[in-house]
Amino acid sequence: MGRILFIEDQLTGSIPTIIKLFSPIFKDERTITLLKNIQNDKYKTPELIIGVCSSTSCLDICHKFVNALSKALYYYNEYDLIIIDRNLSEVPYHEDLQDIKEYLQKCGFSDVDKKIDMYTTREGDLILLALLRLDRNNKNKIYYLTANIDELKGSPELETLIDVDDFYRNHIIEKTTDKDKVLTEIVANLESFSIQNRFATHVKILRNRLNEDEVDLFVNMIRHYDNDSRREFIIYLRKILDNLMHHIAGKMNEPNASYWNKANPDQLIVKTFIKGFYAKDNDYLGRFSCGLPVFDQKHSIGYSSIVRNACLSIFEICSDCGIHDLNTVISPEGVNINYLTEHTMKSMLNQICDVILWYDKAIVNMQKASEITHE
Amino acid sequence: MTIFVNNNRGKTSKKDSKALAFLQYALQCKSEGRFETMLDYMDKAFKLRPDSNLLFNRAKVLDHLKEYDKALETINRAIEMDTNHSYFIFRAQLLASLHRFDDSLNSIETAIAIYDCAYYQVAKAQMMFISGRILDGIDHMLWIRDNYNHLVHTEDINFLASALQISNTYQIKIPQLEPQFNDSIISMQEPNKSQVLRWLIDTDLFADAKISINPSLMTDILSSDTLSNQEKVIFLGSIGNWAQAEQILEQHASTLEQEFYCFYKACIDLYLNKRCTADTLVDITQWNQEAKYAFIIKLWNKKHYSALQDYFELERPTTATAKWMQFWIAVLSGNLSEGILVLKEIPQGLEEIIKSGRKSNSLELEAFGQEIDVNNLTNNLRTILELFPFDLPYDMLTWEMFIKVLKKIFPVQYSNLIDLHADIVERQSVDSPTNIDNDKYKDFYVQSSMKVELINDLSMVFISGSSSHFAVSLSIVIGASRKMGDKMNNIVESSREEERNKVLSDLSHNIKNLLRSVIDPLESIKRDIPDKMPVIEDAIKGANLIREMVNSINFSYTVSVEDLIYDIHNPGKDTSCISAMITQSLRNAISNMYDSQYYPQFMSNYFKDRQAYSDSKLKWDFIGHDRDGSRLIRFAEEYLFDLTLEIDSGSELTVGNEKSSAIKLTILLQELILNAVKYASFVPLSQRKLQISLSNEPDFIRMIVSNSYKPEVRAKTTGLGNVIIKNFAKVLDCEILTEKAANMYTVTLNLKNYWSNNG
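Worth saying up front: this structure is predicted, and the values here are computed from it rather than measured.

How each quantity is defined
Residues numbered from 1 in each chain as written. Chains lettered and ligands numbered in written order. Predicted model: local features only at pLDDT ≥ 70, side-chain atom pairs only at ≥ 80, totals over all residues. Heavy atoms only, no water. Helix = DSSP H or I, 4+ residues; strand = E, 2+ residues; numbered from the N terminus. Buried < 20%, exposed > 50% of the residue type's maximum accessible area, 1.4 Å probe, protein only. Areas by Shrake-Rupley, 256 points an atom, 1.4 Å probe, with all protein chains shown as cover. pLDDT = per-residue confidence, 0-100. Contact = heavy atoms within 4.5 Å. Salt bridge = Lys/Arg side-chain N within 4 Å of Asp/Glu carboxyl O. Polar contact = N/O pair within 3.5 Å; in protein donor to acceptor, adjacent residues only side chain to side chain. Nonpolar A, V, L, I, M, F, W, Y, C, P; charged D, E, K, R; others polar. Pairing = 2+ DSSP bridges. Axes fitted to C-alpha atoms, helices over the stretch in contact; angles between N-to-C directions. Expected span 1.5 Å × (residues − 1). Arc of directions from axis to C-beta. Phe/Tyr/Trp six-rings, centres within 6.5 Å; stacked < 30°, edge-to-face > 60°. Lys NZ or Arg CZ within 6 Å of the ring centre and 35° of its normal. Parallel < 35°, antiparallel > 145°, perpendicular 65-115°, else oblique. Core = buried A, V, L, I, M, F, W, Y, C linked by side-chain atoms within 4.5 Å.

Draft legend 1. Spatial organisation of the overall build of chain B. What chain B contains, in helices and strands, is 36 helices and seven strands. The burial tally for chain B puts 48% of its 759 residues in the buried class. Of the roughly 36900 Å² of accessible surface on chain B, a fraction of 50% belongs to carbon and sulfur atoms.

Structure below.
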C-alpha cells in the first residue's frame, strides 16, 4: 500500500475534504465515523484530526509549516503521493524560525531569512522548491493545492519550474469540488499511481506508443512483482513481451515474412521473430534469415545482443513455466514457478524494462528509416 | 589677483630697484583699476629684470581683462623661462577659456608630470567633465577615491572643496573627504582660517557640497571673532540650520543691515514655520533685485505657489524667471487662459534665465574662467532645475500649449522642427491602439502619450544642440517624460481600479443573491434531518460568513457621506448608538473566538484545552447577550484579556438605518475590533489587553482601538478586512492611523463629527 503525505494548515475546516480524499485508504469505517464526530464537535483541533487519521499508516498529515518541511526533507522517499497546500500560515511559525532556516539551508537554499519573508502566505512554494531540489523526480508525486489558481500567476518561480518541465501545470489543483476529483482518483488508485511514478519512463513509453491497456498490463505486472505473485507476474510479463513484438512486427511491414503464422497471418511466431534463425544451421557467417536481426542489419534499430538475449530469455523462461500460447486461456494455477527464484524474478523485471526502452528507440529509428525511404 | 614681487637676491642692483619701483606703480594702478597702465609698468619692470613670475602675474592681469590670447602668449613665455607646474595649471585655465579643452587637459597632465598633487588630479577630473568627457571624469574621480591614501597634499583646501563638490554632483562617495575637510579647516591658523571660511561661505560651498559640519568646526565658525554675524547667518542658512540662524539673527538684529535682516527673517519664517505672510510679501517689493530673486526662488522651490501668486499681484513679474513661475502657477491653478497670456510675454529661450542665475560658486569656474559656456554646465543645470523642477504639471497643459511651451523654451530656430515632429506625432496617434477602454481616461491617455512621444522624438535634437541648452533640455526631457510617464501609469491604474471596483461590487451583489439560494435549502434540510444538524449548521455558518464578507465589500463600495448624514439626522425607528455598535461588535468578535471551524488558531490561542474552552463557553453563552457592559468586562478579564471600554460618549451618537448607515458603521467597527481580538490572542493571558475608547470632539469622533500583540506573529489573513476598512475610510473621508509600539497595536479612526454643527 502506498503512503501519502498531506500538508494542510486549516485542518479543522478540512474534515469533509479529508473524508472525501482519503476514504479509500482508511482501513475501516471507524476512522470516518470518528472524523465525522470531530466535525460535529464544537471544540475541534488539528491534533484530534491528525490523531484519528494516524490509525492508518498510509497517511501522514502535517498542519505546521516546520513539521511539513522536516517530513518533506527527511522522508520524501517514503511517500508515493505528496499533497501540499500552498498557504500554510494558519499556524504561526515565528517560534520555529530557527528550525525552518536550518531545514532550508540543508536543502541548499541561501539567504533563508529573505526567502522565509518572501514566501509568507505561500510557504508551500518553499516546500515544493525544496522537494524538487532534493530530487527532480519528486515532481511526479507532488500535487499542489491552492485556493485561487490565478494567484500562481504572480509566482515566477512556479512558472519557471513549469516552463523547464520541472513541474507539471496539471499538478496544481484549485481547491474546488470538481477540480480536486483528480486527487480522489489518484488516492483510490494509489498503488497504480505509485508504480507509474516509479517506472515513469516505461509507463510514458507504453502510454505514448501503445495505449492505456498496455499501461494497465505493466502496472499489474509490477504489482504482482511487488506482492511476489510469481505466477501472475510471469503471465503479464509474457503478455507485454508479445504485445511489444506484435507492435514492432506490424511496423516492420513485412506481411509475407516467415515469422507470421501461415495459417493465421495475424499471429506472430514470437520466437522466430526474436531469434531470426540462421539461413543455414551451420552458417558461420552468422546471417539471419528473418525477423528482428535481419531488419536490424538493414535499418539499424539498435537490436543488440543484449536486447535479443533479454527477449529470448523472457520468452524461454515463460515457456519453461508453461506459457506457450497466449491465444489460449492461461490460468495462474497452471503456471509452474518451481524454478523461479527471487533473482530470476529480478532479472526478468530488469530485462523487460530494457526491452521497453529499446522498443521506444527502435520505433523512432524505424520512423526515421521510413522517412528516408520516402524521400 | 595678487602680484608677487620677487626679492630674494639679497643685494639689489640699480636695475632691480627701478624694476621694483615700476612694480610698485603697477600695484598702485591695480588698486585704482587702471589695468592698461598697470600692464605698461609691468612690461617696463620685466625689461629691467626678466622674471617668469612677473610674466605669470601679467598673464593673470590679461586673464582678468578677458584677453585670453594675450594671456596665453604671456604664460607661454613664462613657461619657456621656467617649467613651473603652477604656470601649466594657469595655462590650462586659459586654454579652457579659449575652449581648447584637449590642450587644456594636456597642460594639466604636464603640471601633474612635474608635480603630482591631489589638487591637480581633481583639476584633471574637472577638465574632463568640462570638456564633456563625463564618463572619463567619473572614472578619474573613482581613481582618486581608490588611490586617495597615496595622493599628495590631500589637506589642500582647494583640493578638498573641489573634490567635495564634484563627488556630490556625481554621487561618488569618497569617505575620507568630509572628515579631512573638517579637520583641515579646524587645524588652520588665523588669519588664513577666516579667509578660507569666508571664501567657502561666499561661494556657498557648504550648501552645494552638502558637507556635514562636525561639531568642532561648527563651534569654530560660530565662535570666530573674525567672521561677521552676517556671515555666520549666511553660513547657517546655507547648511539649513535655520533655528540657530534665527538665534544669531535676533540676537544681533540691531547691528545687522536692515535688508539683510528682513531677507533672513523671511527665509527663517519660510523654512521653520513653512509660511510667508502678507506683510513679508509687501516687504519683498522693497528689496533689491538680487534679494528678491533669491527669495522668490526659495518660495518656488518650497512650492508656496499661492504666496507667489499674491506677490505677483503686488509686483508684476518683470524677469523671465518670474514670468515662467507665473505661467506654471496659472497652469497649476487650472487657469490655462491666463497661462497663455503669460506665456506670450515670456522672452524666447532661456538665455536670460541662465544669466540671471545666481553667481558662480563653483570652484571649477574660479579655476577655469567664468565666461566659458560649457563651464557653466553645473550652474546652468542648477538654475534650470530650480525653475523647471521635474514635477512641473506638463500633464495639465493641453497639447497645443505643450507645443507652445517647448517652442518658447528652445531657441527660435527649433520652432519649425518642433512643429514638424508634433505634426508627425499627431498623425501617428490616430492609428495607435491604447490599452485603455475607459472613455473617461482615453483622451487624456492619448494626449499624454503624444507628449511623451514628442519629447522622445525631440530629445536627441535638444540634447545635442547648443551646449548652453544641454542642461535645459536634459531637465525638460527628464521632467516631462517622468511626469507624463507617471500620469500615464496613473491613468492606467485609475482606470483599472475603477473597473476592478465595479467588477467587485457587481460580483459581490451576485454572490449575495446566490448565497440566499444555498442558505434557504440548508435551513430546510436542517429541519428535515435533525441528525445532521451540527454539520448543516456549520455549512450555514460558513455560507453566512461568506454573505457577511460579501455584504461588507458591497457596503464598503456603496457607502456615502450623504447617506450617513441623512441617517444621522433622520434616525427613525431602527436606530442605534455608536457605543451599542461597539459593544455588539465586540460581542461578535468574542463569539467568533469560540468557532473552531473558521477561527481554529485564535480559538486554541485563547483556550488551551477542552476544559478551558467548555468553562468559558458555558459562561459566554450565559452573558453573551447580556447588555451589561461591566459583566462583559469581568468576563473578558477572566478568560480573554484585560478590557478597557471608554465609550460612553458614543451613547449620544445615534444613527438610523434607513439608508443602511447603522449596518455599514457596524461593519466598519466590527472589522476593527475583530482584528484587535484576533491579534491579541497570540499574547499570554496575563499580558493581553484590549482598549477601546471613543471621544466626541467638536470636529471629530475619535475611536481608538488598541490591542496587545506579538509583532513577530503574522496570522493568516485574506486582507479583506483591510480592504473593507480602507474603502470605508476613503468614502467617509475619515482618517485611519495605525501605530505600532513594542507590544501594543493601535488604530485610531478619526471620523468627521457629522453629529455636531462643525461636522
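Draft legend 2. Looking closely at the confidence of the model for chain B. When pLDDT is averaged across chain B, the result is 80; 84% of the residues are at 70 or more. Low pLDDT, under 50, characterises residues 1-10 of chain B; the predicted model gives this stretch 19 contacts beyond four residues in sequence or across chains.

Draft legend 3. Structural context of the interface of chain A and chain B. With 22 residues of chain A at the interface, the matching set in chain B holds 21 residues. The interface formed by chain A and chain B holds two salt bridges in total. We note a salt bridge from K710 of chain B to E95 of chain A, for which the minimum N-O separation is 3.6 Å. Inspection of the region where chain A meets chain B yields six residue pairs in polar contact (both at pLDDT 80 or more). Of the residues contributing to the side of chain A that touches chain B, the split by class is four nonpolar, ten polar and eight charged.

Draft legend 4. Structural context of unusual backbone geometry. Residue and element names in this part refer to chain A. With phi around 55°, D111 is a residue other than glycine that occupies positive phi space. Within the secondary structure, D111 sits in the loop between helix 5 (97-106) and helix 6 (112-118). A relative accessible area of 48% places D111 in the partly exposed class.

Draft legend 5. Structural context of the sheet that holds strand 2 (residues 59-62) of chain A. All names here are of chain A. If you trace the five strands from one edge of the open sheet to the other, you get 2-1-3-4-5, paired in parallel fashion. The open sheet terminates on both sides in strands that have one partner only, identified here as strand 2 and strand 5 (172-174). Each strand of the sheet is rotated relative to its neighbour by a mean of 20°, with strand direction disregarded. Where strand 1 (residues 4-7) and strand 2 come together, four bridges link them in parallel fashion.

Draft legend 6. Inspection of the sheet that holds strand 4 (residues 689-696) of chain B at higher detail. Residue and element names in this part refer to chain B. The strand order across the open sheet formed by five strands is 2-4-5-7-6, and the pairing between neighbours is mixed. Edge positions in the open sheet fall to strand 2 (642-646) and strand 6 (735-740), since each of these has one partner strand only. Between one strand axis and the next, the sheet turns by 10° as a mean value, whatever way the strands run. Here strand 6 runs beside strand 7 (residues 744-752); their pairing, made up of six bridges, is antiparallel. Paired with K740 across the strands is Y745, a residue of strand 7. Strands in contact with helix 35 (residues 661-680) are strand 4, strand 5 (700-708) and strand 7; relative to strand 5, the strand with the most contacts, it is inclined by about 20°.

Draft legend 7. Quick look at helix 1 (residues 14-32) of chain B. All names here are of chain B. For helix 1, spanning 19 residues, the distance from its first C-alpha to its last is 27 Å, which sits close to the expected 27 Å at 1.5 Å a residue. Among the residues of helix 1, D16, A19, F22, L23, A26 and C29 are the ones counted as buried. Take helix 1 and look down its axis: the buried residues cluster within an arc of 130°, on one side only. Exposed side chains of helix 1 directed beyond 90 degrees from the buried face belong to K14, K18 and S31. Residues of helix 1 that are buried make contact with helix 2 (35-48) and helix 3 (52-64). G33, located one to two residues past helix 1, shows a positive phi value of around 75°.

Draft legend 8. View of the packing of aromatic side chains. All chains considered together, the criterion is met by 43 aromatic pairs over all chains. Centre to centre, the rings of Y115 of chain B and Y120 of chain B are 6.2 Å apart; their planes meet at 85°, and the pair counts as edge-to-face. Under the relative-accessibility criterion, Y120 of chain B is labelled buried at 7%. Through a chain of ring-to-ring contacts, three or more aromatic side chains come together here, namely Y43 of chain A together with Y594, Y606, F607, Y613, W620, F635, Y639 and F641 of chain B. Its end group placed over the ring of Y594 of chain B, K617 of chain B keeps NZ or CZ at 5.9 Å from the ring centre.

Draft legend 9. Expanded view of the pattern of salt bridges. The full count for this structure, using the stated rule, is 36 salt bridges over all chains. A salt bridge links D125 of chain A to R122 of chain A, with the shortest nitrogen-to-oxygen separation between them at 2.9 Å. Of the residues examined, D125 of chain A reaches a relative accessible area of 1% and is grouped as buried. Among the residues examined, R122 of chain A registers a relative accessible area of 16% and is labelled buried. Of the charged contacts in the structure, one is a salt bridge between R427 of chain B and D423 of chain B, with a shortest N-O distance of 3.2 Å. Separated by four residues within a single helix, R427 of chain B and D423 of chain B lie in helix 26 (residues 415-431), roughly one turn from each other. Several salt bridges converge on common partners, so that one network encompasses R3, D60, K71 and E78 of chain A.

Draft legend 10. Representation of the pairing of strand 4 (residues 142-146) of chain A. Residues and elements named next belong to chain A. Most of strand 4 is tucked away, with five of its five residues classed as buried. Because side chains alternate across strand 4, one face comprises the buried residues I142, Y144 and T146, and the other comprises Y143 and L145, equally buried. Two elements, strand 3 (residues 81-85) and strand 4, share four bridges in a ladder whose sense is parallel. Each bridged residue has a counterpart across the sheet, and for I83 the counterpart in strand 4 is Y143.

Draft legend 11. Representation of the packing of helix 20 (residues 320-332) of chain B against helix 25 (residues 399-409) of chain B within the structure. Residue and element names in this part refer to chain B. Two elements in contact, helix 20 and helix 25, have axes separated by 14 Å at closest approach and are oriented at 170°. In terms of orientation, helix 20 lies roughly antiparallel with respect to helix 25. In contact with W324, F327, W328 and V331 of helix 20, helix 25 contributes M401, V405, K408 and I409.

Draft legend 12. Representation of the nonpolar core in the model. Residue and element names in this part refer to chain B. Judged by nonpolar contacts, the single largest core of 146 residues is most densely connected at F159, F181, F206, F295, W324, F327 and W328. Ranked by residue count, the leading element in this core is helix 7 (residues 118-130), at ten residues. Among residues more than four places away in sequence, those in contact with F327 are G339, V342, L343, I346, L397, M401 and V405. Formed by 62 residues, the second largest nonpolar core is a distinct cluster that contains F555, I667, L672 and I724.

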